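Structure at a glance
Here is what each chain is made of, one letter per residue.
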Amino acid sequence: MSDYDPKETTPAALTPVDLSGTMTHKPAPPRYIVAPWIPRRVVTLLGGHGGYGKTCFALVLAAHVASGTRFPGMEVEQARVVFASLEDEPDIMRYRLRMVIDEYGLNHFKVLENLILLDGTAGYAAMMAEASPSLAMLTPVYHELAERAQGAGLIVVDNASDAFDANENQRRHVRGFIRGLTTIARDNDAGCVLLAHIDKSAARNGSQGNSYSGSTAWHNSCRSRLAILANDDGSISVEHEKNNLGKKADPMALTFSQHGVPVPEQRKALEEGAQPEQLDTGDLVRAFKAASEAGVVIPANLNPGAYSAFAALGSLAEYPSRLQKGNRGRQQAARAIVDLKRQGRIREEIYTKPNRHKAARYVLADAICANASTECAPLE
C-alpha cells in the first residue's frame, strides 16, 4: 500500500472564492494600461505579418506608457515598462525608439527613465521549451523576465516565435506559456503584450478574428487580441479582435512616417491641416459605403431615436465611437451629414419598404438607383 497522499503533496488547483460581499460592495472594474487595448493582469496578443510594423508599433505604445502620454484615441496610465526584444539587435531597437520619441514629440527623459529594454538576441532566449513530445517547461529565461519585470506596469515580449520553443499545435503547451506570462502580469498588476507573426493571407485579406497559426489556444488563452492587417485598398489598420473585459475599440487606420514609425491616420491628418469636421465627414463616407455593401438602410432622420440615421450607423464597425457618445457625438454626426448633403456626396431618396410604405433614406450620391429593384425618386 502506497504512502502517497495527494492532499499533502499537491497544492489546491481550485480555490473557493468569497462571494459574501458581492451585492453590498461595488466590485472594481477591469483596469487598463492602454484603454481599451491592453488590460492589466492579462496577456494581450499583438499580431501582424512581417513588415507591417508590429515591433515599432509596440515600441510606440511602450514609449507612451513610459512617458505617461495619451495615445491618440486611447487613455494611458504612466508606468515602468519592460520590453524584451528577442528578434532585433540593440542598435536597431535604439534607432526605432529614437524615431518614435521624435515623431510623437515625447518627453525623452521620462521615456528613457521608465523603459527597460532587454536584449535576447545573443543566445537561446526561449521562455518555454519542449522537454519531451508531451511536456513543455518554463525556462530560466522566463524566470529572469519575471525577476526583471517586478514593479513594471507593462511587459512586452517580442516575439512568440522566439519565446515559445514548444509545439504550437499542443493546446496545453500554448496554455501553459500564456498562463506563465499571465502570472507575471498578475504579480505586478501589469499589462502584458506578446507579439506574434500571423498568417500572411490573413494579414492581407482580413483575419475574421482568426489570425494566428497553430492551436486555437493562442486565441482563447489571451483576454485581448490586436492584429495589424492590410485592407483591400492596401492601407494598414489595427483591428481590436477581442476584448473579454469590455467593448472592443474601433479599427484604427495607420500611416507611416518617412522613418517607418506607425502613426494613427487621424493624428497625421490633423497635423497636416485637416479640420476635425473633415475627419468626421471622411469617417461617415466610409460608414455609408459599408452600409451600402451590407444592405443597411440609413433613415433620413436626424432626430434621436430607434429609427434614426444615428441608430442605423451605430450598428456598423466603420462608424467611429466618438460620434456615438451622447448628445455631443450625435451633434457632430448631424453636422457631418448636413455637410455631406451640401457637398452633394450623399442625398435623400424615397424607397418602398417591404410593407409597401414609402420612406426616405440617405445614400451616397453615386449609389442612388443602383439597385434596379428599388423604386427610387430622389428628393429635391
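Further up the page is the structure itself.
Calculation notes
Residues numbered from 1 in each chain as written. Predicted model: local features only at pLDDT ≥ 70, side-chain atom pairs only at ≥ 80, totals over all residues. Heavy atoms only, no water. Helix = DSSP H or I, 4+ residues; strand = E, 2+ residues; numbered from the N terminus. Contact = heavy atoms within 4.5 Å. Pairing = 2+ DSSP bridges. Axes fitted to C-alpha atoms, helices over the stretch in contact; angles between N-to-C directions. Salt bridge = Lys/Arg side-chain N within 4 Å of Asp/Glu carboxyl O. Buried < 20%, exposed > 50% of the residue type's maximum accessible area, 1.4 Å probe, protein only.

For the rest of this paragraph, the subject is the side chain of His 64. Positionally, His 64 belongs in helix H2 (residues 54–67). What His 64 contacts, discounting residues up to four positions off in sequence, is Thr 69, Arg 70, Phe 71, Val 76, Tyr 104 and Leu 106.

Attention shifts here to the sheet that holds strand S11 (residues 191–197). Taking strand neighbours across the sheet as the criterion, the nine strands line up as S6-S5-S9-S11-S3-S12-S13-S14-S15 in an open arrangement whose pairing is mixed. With one partner strand each, in any of the chains shown, strand S6 (115–119) and strand S15 (262–264) form the two edges of the open sheet. Going across the sheet, the axis of each strand differs from the next one's by a mean of 25°, ignoring polarity. Sitting on the sheet, helix H3 (residues 90–104) touches strand S5 (81–85), S6 and S15, and the angle it makes with S15 is about 25°. The strands that helix H7 (residues 171–187) touches are strand S3 (43–48), strand S9 (154–158) and S11; relative to S11, the one it contacts most, it runs at about 150°.

Turning next to the pairing of strand S8 (residues 135–138). Bridging between strand S7 (residues 128–132) and S8 involves four bridges; their strand directions are antiparallel. Within S8, the position partnered with Ser 132 by the bridge is Leu 135. Counted along the chain from S7 to the antiparallel partner S8, the turn is two residues long.

Summed over all chains, the structure comprises 12 salt bridges. Between Arg 31 and Glu 77 there is a salt bridge whose closest N-O contact spans 3.4 Å. Of the two residues, Arg 31 is situated in the loop between helix H1 (6–9) and strand S1 (32–35) and Glu 77 in the loop between strand S4 (75–76) and S5; the sequence distance between them amounts to 46 residues. Owing to a relative accessible area of 40%, Arg 31 belongs among the partly exposed residues under this scheme.

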